[in-house]
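Chain by chain, the residues:
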Amino acid sequence: MGQGQEGFPERLKQATRKEHARVERLLPVLDPGLSVEEYRRLLERLYGFHAPLEAHLAALSEWQEAGFPLGPRLKCPLLRRDLLGLGLSPIELSALAGCDALPQLDSFPRALGCLYVLEGATLGGQVISRHLARLDPEIAAHHAFFRGYGARTGAMWLAFRALLVRSVPPTTETETVEAARETFQAFERWMS
């Protein structure tokens, strides 16, 4: 792959461009006619994907070793807040189906590929958040997941990008790319 590790995030983006485009087409969040019920069902599906995936990611000790606390980047608390705000009970929330066809996360390079997909979605969430804020007041009041890090999004992305550059040597680039692709593919299957 060459070009030094500073260029790895861009190579990763190019290598996953097709998967990313397919996933974007699955999400109806930019539909101006999105109803509260459709939005809630979407958040339920997102929760069903994020909850088990984030549990696997959080179980890896390498985040602390890399000086990169994962906790502030987990999106399940935001999804939980949105869903409870939209009327889901805690019992209903705990009964939501969870995705069991997750990408293989048996190494830190693979975990980084997976987190690349989740962190990239946070960037796109900024555009979605502005759109949702203009829809039904109930949707506008409950879109913390898409708001993500809010004004800190750019800084959070740059910190993650720096982690990719310093933590993915050329010997594991392929592993990281494969895991990112698998994450997109697992998400596509789950949401379809």
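As a reminder, the structure under discussion sits directly above these lines.
Residues numbered from 1 in each chain as written. Predicted model: local features only at pLDDT ≥ 70, side-chain atom pairs only at ≥ 80, totals over all residues. Heavy atoms only, no water.

A. Molecular detail of the overall build of the chain. Scanning the chain from terminus to terminus reveals eleven helices and zero strands. Sequence-ordered secondary structure for the chain, helices as α and strands as β, is α-α-α-α-α-α-α-α-α-α-α. Over its C-alpha atoms the chain spans a radius of gyration of 17 Å, differing by no more than 12% from the 16 Å that the globule rule assigns to 192 residues. With the C-alpha coordinates aligned to their principal axes, the bounding extent of the chain is approximately 50 × 30 × 30 Å. (Helix = DSSP H or I, 4+ residues; strand = E, 2+ residues; numbered from the N terminus. Rg over C-alpha atoms; globule rule 2.2 N^0.38 Å.)

B. A look at empty space enclosed by the protein. Taken as a whole and judged by the stated rule, the model has one cavity of 30 Å³ or more. Together, Glu54, Leu57, Leu70, Arg73, Leu74, Lys75, Leu115 and Leu118 line the largest cavity. Grouping the amino acids of the lining of the largest cavity by side-chain chemistry returns five nonpolar, no polar and three charged. (1 Å grid on protein atoms, 1.4 Å probe; cavity = no way out; pocket = protein on both sides within 12 Å on 5 of 7 lines; lining within 4 Å. Points joined across faces, edges and corners; volume = space filled by probe spheres on them. Nonpolar A, V, L, I, M, F, W, Y, C, P; charged D, E, K, R; others polar.)

C. Examining the packing of aromatic side chains more closely. Tallying each qualifying case throughout the model produces eight aromatic pairs. An angle of 55° between the planes, with centres 6.1 Å apart, marks the rings of tyrosine 116 and tryptophan 157 as tilted. Linking tyrosine 116 in helix α7 (residues 108-132) with tryptophan 157 in helix α10 (residues 153-167), this pair joins segments that are 41 residues apart in sequence. Comparing tyrosine 116 with tryptophan 157 shows no difference in burial state: the two are buried. (Phe/Tyr/Trp six-rings, centres within 6.5 Å; stacked < 30°, edge-to-face > 60°. Buried < 20%, exposed > 50% of the residue type's maximum accessible area, 1.4 Å probe, protein only.)

D. Spatial organisation of the pattern of salt bridges. Under the counting rule described, the total for this entry stands at eleven salt bridges. Residue glutamate 19 is joined to arginine 181 by a salt bridge in which the shortest nitrogen-to-oxygen separation is 3.5 Å. Of this pair, glutamate 19 sits in helix α2 (residues 17-24) while arginine 181 sits in helix α11 (residues 173-191), placing them 162 residues apart in sequence. By relative accessible area, which is 30% here, arginine 181 ends up partly exposed. (Salt bridge = Lys/Arg side-chain N within 4 Å of Asp/Glu carboxyl O.)

E. Molecular detail of the nonpolar core. Leu46, Leu57, Trp63, Phe146 and Phe160 are the most contacted members of the largest nonpolar core, which has 54 residues in total. Secondary structure elements with two or more residues in this core: α1 (8-15), α3 (36-58), α5 (76-85), α7, α9 (144-147), α10 and α11. Ranked by residue count, the leading element in this core is α7, at ten residues. Here phenylalanine 160 is in contact with Phe68, Arg73, Leu112, Leu115, Tyr116 and Glu119, once residues within four sequence places are set aside. (Core = buried A, V, L, I, M, F, W, Y, C linked by side-chain atoms within 4.5 Å. Contact = heavy atoms within 4.5 Å.)

F. Examining the environment of valine 168 more closely. Relative to the helices and strands, valine 168 resides in the loop between α10 and α11. What valine 168 contacts, discounting residues up to four positions off in sequence, is Gln5, Phe8, Leu112, Leu163, Glu173 and Thr176.

G. Just the side chain of threonine 16, in detail. With respect to the helices, strands and loops of the structure, threonine 16 is situated in the loop between α1 and α2. Excluding residues that lie within four positions of it along the chain, threonine 16 makes contacts with Tyr116, Val177, Ala180, Arg181 and Phe184.

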